[in-house]
Amino acid sequence: MLDDLIKRFSKETEGFSDGYELKNAIGKAHTDMSRRASGHNSKIQQESICWLNKHFIENSPWAIFNQTDFDKWHEDTCVDYCKHMNSQGFPFKMTYGRAQKVINMTFKYLYCTDIFKREIELLAPYLHMTLDGYTLRWYKEIVIDYINKNCSEKVKKNMISEWSKMDNEEGRRKYIQIQIDIRKYLKDSQNYQYSINSENIDDILPEQKVSTGGNNIIFVSIPFDLNRRSPFFAEFVVWEGEIVRSKIENLFKGLNGIYKSWVQDKWAISDEIKSELNIKISTILRKL
């Protein structure tokens, strides 16, 4: 499964130019970070590509072979990257959270290129999981629960801010702690897990609610690749899984909305439409 997810993600790098893989990876990672950021423009992206490309060449991570050295390289890179970008007078602030996303996604894109694949495989045990809306949601709901049950240091969910707002010393400390917590979770947990609350749809189907004993929580458990159970490889599973999870939740909400609307508008719906919908839905479910 992991290889299939990596292959799917690798399509994002198909347009990378030969000899410019590093610059292309940084540019794509920067776009991911800035997609919805206000005050961003193309000059900022070009400066980002130029600085990080030079930094990767002059401060190469490829000779790092332990977690401590990589964590130091990553922290120093984020700090220096923020200082440089914020000294250019751009109408855009490079926070620590934004910096980590560009750097971590750069490694992810480089892994999907032929020229850097071997280097990333050697570095992969020490690489971090990119923090964004999807991975942070998983961290808050799954990893924090694990940490609070199994570790002496407790984590409060409301203490974790949005990834793009992690900044300065406090944001740096939170980021580092999150990476430590993820590693603790992956050390003991063999599965990516999430849960979906189907209460919205159950509320309009009382007979189903009775048959399930009022239990509205649906659990999903998907095995990690045991030979590649590091934050870097786990991210491929977690990120895609959280996207699927959001789609399922939106489907439940959509069904709920359709039902409520049809209750009011059933005078305009024929038996033929109902029959056709039943056929389509049944066909889709059989193919899953």
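Before any of the text, the structure's been laid out above.
About the thresholds
Residues numbered from 1 in each chain as written. Predicted model: local features only at pLDDT ≥ 70, side-chain atom pairs only at ≥ 80, totals over all residues. Heavy atoms only, no water. Helix = DSSP H or I, 4+ residues; strand = E, 2+ residues; numbered from the N terminus. Buried < 20%, exposed > 50% of the residue type's maximum accessible area, 1.4 Å probe, protein only. Areas by Shrake-Rupley, 256 points an atom, 1.4 Å probe, with all protein chains shown as cover. Phe/Tyr/Trp six-rings, centres within 6.5 Å; stacked < 30°, edge-to-face > 60°. Lys NZ or Arg CZ within 6 Å of the ring centre and 35° of its normal. Disulfide = S-S within 2.5 Å. Axes fitted to C-alpha atoms, helices over the stretch in contact; angles between N-to-C directions. Parallel < 35°, antiparallel > 145°, perpendicular 65-115°, else oblique. Left-handed = near helix turned anticlockwise from the far one by under 90°. Contact = heavy atoms within 4.5 Å. Nonpolar A, V, L, I, M, F, W, Y, C, P; charged D, E, K, R; others polar. Salt bridge = Lys/Arg side-chain N within 4 Å of Asp/Glu carboxyl O. Patch = residues over 30% accessible without salt bridge, like charges linked within 9 Å, V, L, I, M, F, W, Y side chains within 5 Å. Pairing = 2+ DSSP bridges.

1. Topic: the overall build of the protein chain
Assigned secondary structure in the protein chain consists of twelve helices and two strands. Tracing the protein chain from N to C terminus, the helices and strands come up as α-α-α-α-α-α-α-α-β-α-α-β-α-α. Taking the principal axes of its C-alpha atoms as reference, the protein chain extends roughly 70 × 45 × 35 Å. Going through the 288 residues of the protein chain one by one, you find that 43% of them count as buried. With the model as given, the accessible surface of the protein chain reaches about 16,300 Å², and the carbon-plus-sulfur share is 52%.

2. Side note on the packing of aromatic side chains
For the structure shown, the criterion picks out 22 aromatic pairs. Their ring planes at 45° and their centres at 6.4 Å tell us that Phe56 and Trp62 sit as a pair that is tilted. Chaining the aromatic ring pairs together yields one cluster made of Phe9, Phe16, Tyr109, Tyr111, Phe232, Phe233 and Phe236. Positioned above the aromatic ring of Trp163, the side-chain terminus of Lys101 is 4.5 Å from the ring centre. Positioned above the aromatic ring of Phe9, the side-chain terminus of Lys108 is 4.6 Å from the ring centre.

3. Remarks on the state of the cysteines
Applying the stated criterion across every chain yields a total of zero disulfides. In this model Cys50 remains outside any disulfide bridge; the closest cysteine sulfur is found in Cys82, 17 Å from its own.

4. As for the packing of helix α7 (residues 133-150) against helix α8 (residues 168-188)
Two elements in contact, α7 and α8, have axes whose closest approach is 10 Å; the angle formed by their N-to-C orientations is 65°. Our classification of the angle between α7 and α8 gives roughly perpendicular. You can see that α7 and α8 cross each other, and the crossing is left-handed. Contacts between α7 and α8 pair Leu136, Trp138, Tyr139, Ile142, Val143, Tyr146 and Ile147 from the former with Ile178, Asp181, Ile182, Lys184, Tyr185 and Asp188 from the latter. Partitioning the contact of α7 with α8 into residue classes produces ten nonpolar, no polar and three charged.

5. Description of unusual backbone geometry
One non-glycine residue with positive phi stands out, namely Asn168, at about 55°. One can find Asn168 in helix α8.

6. Here's the deal with the pattern of salt bridges
Enumeration over the complete set of coordinates arrives at 21 salt bridges. Across the pair Lys72 and Asp76 runs a salt bridge whose closest N-O atoms are separated by 2.6 Å. Here the residue Lys72 and the residue Asp76 both occupy positions in helix α4 (residues 67-86), the gap between them amounting to four residues, near one helical turn. Accessibility expressed as a relative area gives 48% for Lys72, which makes it partly exposed. Note that Asp167 is salt-bridged to Lys93, the shortest N-O span being 2.7 Å. Taken together, the positions of Asp167 in the loop between α7 and α8 and Lys93 in the loop between α4 and α5 (96-111) put the pair 74 residues apart, joining distant regions of the chain. Among the residues examined, Asp167 registers a relative accessible area of 15% and is labelled buried. Three or more residues joined by partner-sharing salt bridges are found here, namely Arg137, Glu141, Glu242, Arg245 and Glu249.

7. Side note on a nonpolar patch on the surface
On the surface, Leu251, Leu255, Ile258, Trp262, Ile273, Leu277, Ile281 and Leu285 cluster together to form a nonpolar patch covering roughly 690 Å² of accessible area. Listed by contribution, the elements that provide at least two residues to the nonpolar patch are α11 (231-265) and α12 (271-287). Along the chain, the position of Ile281 falls in helix α12.

8. Some remarks on the pairing of strand β1 (residues 191-197)
Alternating positions in β1 separate cleanly, Tyr192, Tyr194 and Ile196 being buried on one face and Asn191, Gln193, Ser195 and Asn197 remaining unburied on the opposite face. Two elements, β1 and strand β2 (residues 217-223), share seven bridges in a ladder whose sense is antiparallel. Of the residues in β2, the one forming a bridge with Asn197 is Ile217.

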